Amino acid sequence: MTDRKNFDVIIIGGSYSGLAAAMALGRALRQVLIIDSGEPCNKQTPHSHNFLTQDGKTPKEIAALARQQVEKYNTVKFFSGLATNGVKTESGFEIRVASGEIFSAKKLIFATGIRDIMPGIDGFAACWGISVLHCPYCHGYEVRSEKTGILGNGEYGFEFSKLISNWTNDLTLFTNGKSTLTDEQTAILEKHHIKITEKEIERLEHTDGHLQNIIFKDGTTSSIKAVYAHSPFEQHCQIPSALGCEFTDEGYIKTDSFQATTIAGIFACGDNTTKIRTVANAVAMGTTAGIMTNKEIVSEKFEQADLNQSWDEQYRNMWDDRYKGEAYAYGTSPNVFFKEWIQKFEPGSILMPADGEGRNGVFAAQLGWEVTSFDLSVEGKLKALELAKEADVTIDYIVGDLEQLEFEKESFDAIALIYAHFAAAKKSSFHQKLNTYLKPGGVVILEAFSKEHIHLNNGGPTDIDMLFSVDEIRADFANHDLLILEEKEILFDEGMYHVGKGSVVRFVGKKNLVNAY
């Protein structure tokens, strides 16, 4: 169980493949959640084979040791439950479990296995994995030279009979009805002393899953020690399909050699992706999925850093170009809304993000406020300090990005956000960060372009996601008592760039004294 809700990677399925992926990710220091319902497809198989260091161990023993080793990596958490739904989000994915809880992650790995569909033959399901077998490489050695059967017909029955003859000379193909073998295939099998029985099967007689006899519908029997069968299957989990993952013609999740599915950010490994159903293969695929998922996260981190730097540089250059002229781009008078509201409060300390050429910060200083301003633009700072000098006031002006800047928690009596439009992916988190710098009882004064402004084609950001709605502001400052929150059309008259009609969101809120966070 875990209290954490957000992870780097969520792995759905906690058997061999999922645990192998988790180990690779845990060793890569990733925050990982494994969601597992505890229903492995080989739960009644007595022993596992063909896996170096674990040959002959029970599946339960192998899984228990694997989990014990993975649990040593404290960034890997476990949740016992059934994943029921998945959705794509802006930052990755959300997974809902049957109990109603929702977890989120940048990446998903499906190690969910498959569910075998048993034929309508009494006793078949009870013997499945014990004496009714799917893989000679997993179990053939243990029933070598025994009286063995194959339940199959046509091409599958022919090819599998050839393969299984490697382990026994006492082999019968049970077609469970009329044979669909060609004459040539029949002759080949008979030449190699492989018997063919076309009788319809009624039931398998067994003791605790160990076969004794095949009982036919005509009342006859055939003693047998093992039967190989190819059982149809379905995916154990339907979430990959719901998220749009493509499947092969055989019904497996389609992946590339690195276990990536056809949906970006989703990987899959183990029996849900391949007909080679061995523990060793599941572990190998899980390790690959974990390694490649981590590699993708690392690569995206570097790519995003480059994009952010490029965006920040472009944004900084734009404002430097705008502010370097002799005239003040937005005039020297304060914003009307800011002027109206700042005068209602007793002066104290105020933080002025995106203060540009300083018209609002200088006005606050004239009222007796202790002003700390910051902006990306060096040119903006030069103009602001010149304006402060002319007004015979002092402001502390920092050139920098809020992502890198830090201020003392609860150190400001007010924060003014006057057309402080941040990158779309950052704006909400930046508001929350700024909120931590505000004292309980402190105020936020905000005026910014609304999303409706983009339709007026009159300046402002051209990315609608950088603009604001009333609901976004209410959510970002949920711990504030509202003094005003509205969206309205106004007429601008601020310098060269704020002229004419505009649509804005206006907000003034007082931070709660009790519920400050």
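Scroll up a little and you will see the structure.
From a predicted model like this one, the values you see are computed outputs, not experimental measurements. (Residues numbered from 1 in each chain as written. Predicted model: local features only at pLDDT ≥ 70, side-chain atom pairs only at ≥ 80, totals over all residues. Heavy atoms only, no water.)

**Some points on helix α11 (residues 378-391)**
Over its 14 residues, α11 runs 20 Å from end to end, which matches the ideal 20 Å to within 8%, given 1.5 Å per residue. Residues Gly380, Lys383, Ala384, Leu387 and Ala388 constitute the buried set of α11. One side of α11 holds all its buried residues, which, seen down the axis, span an arc of 140 degrees. Residues Leu382 and Lys389 are exposed on α11 and point more than 90 degrees away from its buried face. Directly after α11, the chain includes Asp392, whose backbone phi takes a positive value near 60 degrees. (Helix = DSSP H or I, 4+ residues; strand = E, 2+ residues; numbered from the N terminus. Expected span 1.5 Å × (residues − 1). Buried < 20%, exposed > 50% of the residue type's maximum accessible area, 1.4 Å probe, protein only. Arc of directions from axis to C-beta.)

**Description of unusual backbone geometry**
Notably, Ala354 is not glycine yet its phi reads approximately 55 degrees, a positive angle. Counting through the fold element by element, Ala354 comes out in the loop between β18 (349-353) and α10 (359-366). With relative accessibility at 29%, the residue Ala354 sits in the partly exposed group. Even without a glycine there, the phi angle at Glu410 is positive, about 50 degrees. Relative accessible area serves as the criterion here: at 33%, Glu410 is assigned to the partly exposed category.

**What to know about the nonpolar core**
In terms of nonpolar packing, the biggest core is built from 33 residues, with Phe338, Ile350, Trp369, Val371, Ile395 and Ile445 touching the most fellow members. For Phe338, the residues in contact, after removing those within four places along its chain, are Ile350, Met352, Asn360, Phe363, Ala364, Ala416, Ile418 and Ile445. (Core = buried A, V, L, I, M, F, W, Y, C linked by side-chain atoms within 4.5 Å. Contact = heavy atoms within 4.5 Å.)

**Some details on the packing of aromatic side chains**
A full pass over the atoms with the stated rule returns 21 aromatic pairs. Ring-pair connections join several aromatic residues into one group, and the members of that group are Trp319, Tyr323, Tyr330 and Tyr497. The ring of Tyr141 carries the charged tip of Arg144 above its face, separated from the ring centre by 4.0 Å. The positively charged end of Lys344 is found above the aromatic ring belonging to Trp341, 4.9 Å away from the centroid. (Phe/Tyr/Trp six-rings, centres within 6.5 Å; stacked < 30°, edge-to-face > 60°. Lys NZ or Arg CZ within 6 Å of the ring centre and 35° of its normal.)

**A look at the sheet that holds strand β14 (residues 221-223)**
Sheet architecture is open: three strands sit in the order β12-β13-β14, paired in antiparallel fashion. Two strands in the sheet have a free side with no partner beyond their single neighbour: β12 (201-207) and β14. When the angles between neighbouring strand axes are averaged without regard to direction, this sheet yields 25 degrees. In this sheet, β14 lies alongside strand β13 (residues 210-216) in antiparallel orientation, the contact comprising three bridges. Bridge assignment links Ile215 to a residue of β14, and that residue is Thr221. (Pairing = 2+ DSSP bridges. Axes fitted to C-alpha atoms, helices over the stretch in contact; angles between N-to-C directions.)

**Concerning helix α12 (residues 427-436)**
Taking burial as the measure, the 10 residues of α12 include seven buried ones, the bulk of the element. Listed in full, the buried residues belonging to α12 are Lys427, Phe430, His431, Lys433, Leu434, Asn435 and Thr436. Elements that come into contact with the buried residues of α12 comprise β18, β21 (412-418), β22 (438-449), α13 (470-476), β23 (480-494) and β24 (498-511).

**With respect to the sheet that holds β18**
With respect to topology, seven strands assemble into an open sheet ordered β20-β19-β18-β21-β22-β24-β23, the strand pairing being mixed. Among the strands making up the open sheet, the edge pair consists of β20 (396-399) and β23. Each strand axis lies, on average, 15 degrees off the axis of its neighbour in the sheet, ignoring direction. Bridge analysis of β18 against strand β19 (residues 370-375) gives five bridges, and the strand direction is parallel. Pairing of Leu351 across the sheet is with Thr372, part of β19. Its contacts with the sheet put α12 on β18, β21, β22, β23 and β24, and the angle it makes with β22 is roughly 145 degrees.

**Description of the side chain of Ser179**
Along the chain, Ser179 falls in the loop between β10 (171-174) and α6 (183-191). On the basis of relative accessibility, which here comes to 17%, the residue Ser179 falls in the buried class. Residue contacts for Ser179: discarding those within four places in its chain leaves Asn153 and Glu198.

**Remarks on the environment of Thr220**
Among the structural elements, Thr220 can be located in the loop between β13 and β14. Considering only alpha carbons, one finds Thr220 and Lys199, 21 residues apart in sequence, at a separation of 9.2 Å. In this structure, Thr220 is in contact with Lys199, Ile214 and Ile215, ignoring residues within four places of it in sequence. Here the side chain of Thr220 touches Lys199 through a polar contact of 3.0 Å, side chain to side chain. There is a polar contact of 2.6 Å between the side chain of Thr220 and the side chain of Asp218. (Polar contact = N/O pair within 3.5 Å; in protein donor to acceptor, adjacent residues only side chain to side chain.)

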